[in-house]
Amino acid sequence: MTLLLTLDDGSIQRKLAEAVDLARDAVLADAGPDQVGAHVGVEREDAVSASHLFEATVSGYRGWRWSVTVALAGADQPITISEVVLIPGPEARVAPAWVPWDRRVQAGDLGVGDIFPTEKDDPRLAPAYLASDDPAVEAVAMETGLGRVHVLSRYGRLDAAARWHGGEFGPRSDMARSAPDVCGSCGFFVPLAGSLSAAFGACTNDISPADGHVVDVEYGCGAHSEIEVEVTSSVPVAELVYDDSLIDYEAAPEALAEETPEPEPEPAEASVVDEAEAPVAEVPETAEVQPEVEPETAETTADEAQVEAESASEH
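Presented here is an overview of the structure given in this document. (Residues numbered from 1 in each chain as written. Predicted model: local features only at pLDDT ≥ 70, side-chain atom pairs only at ≥ 80, totals over all residues. Heavy atoms only, no water.)

### Some points on the overall build of the protein chain
What counts here: Only DSSP runs of H or I covering at least 4 residues are called helices, and only runs of E covering at least 2 are called strands; the numbering of each starts at the N terminus. Buried means the residue's accessible area, taken with a 1.4 Å probe over protein chains only, is under 20% of the maximum for its type, while exposed means over 50%, and partly exposed covers the values in between. Contacts between residues were defined by any pair of non-hydrogen atoms, one from each residue, lying within 4.5 Å. Throughout, the Shrake-Rupley method with a 1.4 Å probe supplies accessible areas, and for residues the shown protein chains are the sole cover considered.
Scanning the protein chain for helices and strands turns up eight helices and nine strands. Per-residue burial over the protein chain gives 22% buried out of 315 residues. Within the protein chain, contacts between residues separated by at least 24 positions form 46% of all contacts whose residues are at least 6 apart in sequence. Looking at the protein chain as shown, the accessible area adds up to about 24,700 Å², and 54% of this sits on carbon and sulfur atoms.

Here is the structure:
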């Protein structure tokens, strides 16, 4: 066999690939002709064996194939059948990968009345009487005979911290990304005890979706204790408002000149003056000319005054 593997020039693989009819007869002997389809290929197993693949037309096995492994023991030896099996093809529906029963239980699967014991050597736990770098563990260890049997180990604390940090109440959640501030500065945040106090705490705000849950110090929500919101009217109000209920009109200078008439001059007072001494005043064209006092009227008035004076002296 060693000599056969060393001196092989490819003729053995060609003989194995050409044994299609032999492989079909082998699968027909195992299954009926109505369950065997066309030949779909050949796969090399090693230097002296190969597997021929045929479509499987078995009910409930859509996408599966018949695999017939043929082998050649020597150059002068006949080709033999090693095995005939039904295997899934690339489009076959198969069962999920095998998971041990103790790893199948996921978070949230534990129901009322269910019991799920921990492993004997669970790496998340450590004996409480052993000294550790966690002050909380050392405090419990001092309570000889009264403390807990097991406490969280370093691995257990790191595992819980990674799970909480990447969970629903961690800094990467949608709520935390849209929050105005983080839980570390919120008055409703209560830190945990022990070595986890620097990174985690509990929320005590009943309005928050994280109320009663362990939250990361970098988590946040819209119910932060230090949020201040300016309360304004829900109706938008413009900064500058114009009251157009009353309108004042102011005429333009051109229109004002056309509408305003020229003022008329006041009439001169009538008086008795000497025509020769009185200056002639220039009268505007638009003013009304006053009638002149006739000289006869002035002379008559003087004669009447002289008569009255003479009659008074006689009496």
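### Topic: helix α3 (residues 20–30)
Rules: The arc under discussion is defined with respect to the helix axis, by the directions toward the C-beta atoms.
Considered for burial, the residues of α3 that qualify are A23, A26 and V27. Each buried residue of α3 lies within a common arc of 90° when the element is viewed along its axis, so the set occupies one face. Facing away from the buried side of α3, by more than 90 degrees, are the exposed residues D21 and A29. Buried-residue contacts for α3 involve β1 (36–46), β2 (49–56), β3 (64–72) and β4 (79–88).

### Description of the pairing of β4
Here is the rule we go by: Whether two strands pair depends on DSSP finding at least two bridges between them.
Pairing of β3 with β4 involves nine bridges; the strand directions are antiparallel. The residue bridging T69 from the neighbouring strand is E83, located in β4. From the end of β3 to the start of β4, which pair antiparallel, there are six residues.

### A few points about the pattern of salt bridges
Inclusion rule: Any Lys or Arg side-chain nitrogen found within 4 Å of a carboxyl oxygen on Asp or Glu counts as a salt bridge.
Taken as a whole and judged by the stated rule, the model has two salt bridges. Between R124 and D122 there is a salt bridge; the shortest N-O distance is 2.7 Å. Looking at R124, the relative accessible area reads 37%, which means it is partly exposed. D122 sits in the buried class, given a relative accessible area of 10%.

### Re the side chain of D122
Stated precisely, the cut-off is as follows: As used in this structure description, the phrase polar contact means that two N or O atoms lie within 3.5 Å; if the pair is within protein, one of them must be able to donate a hydrogen and the other to accept it, and residues adjacent in sequence are counted only when both atoms belong to side chains.
Tracing the sequence through the fold places D122 in the loop between β4 and β5 (125–127). A polar contact is formed between the side chain of D122 and the side chain of R124, at a distance of 2.7 Å.

### Observations regarding the environment of R62
Along the polypeptide, R62 turns up in the loop between β2 and β3. Taking the C-alpha atoms as reference, R62 lies 8.7 Å from P88; in sequence the two are 26 residues apart. Excluding anything up to four places from it in sequence, R62 contacts A92 and R93.

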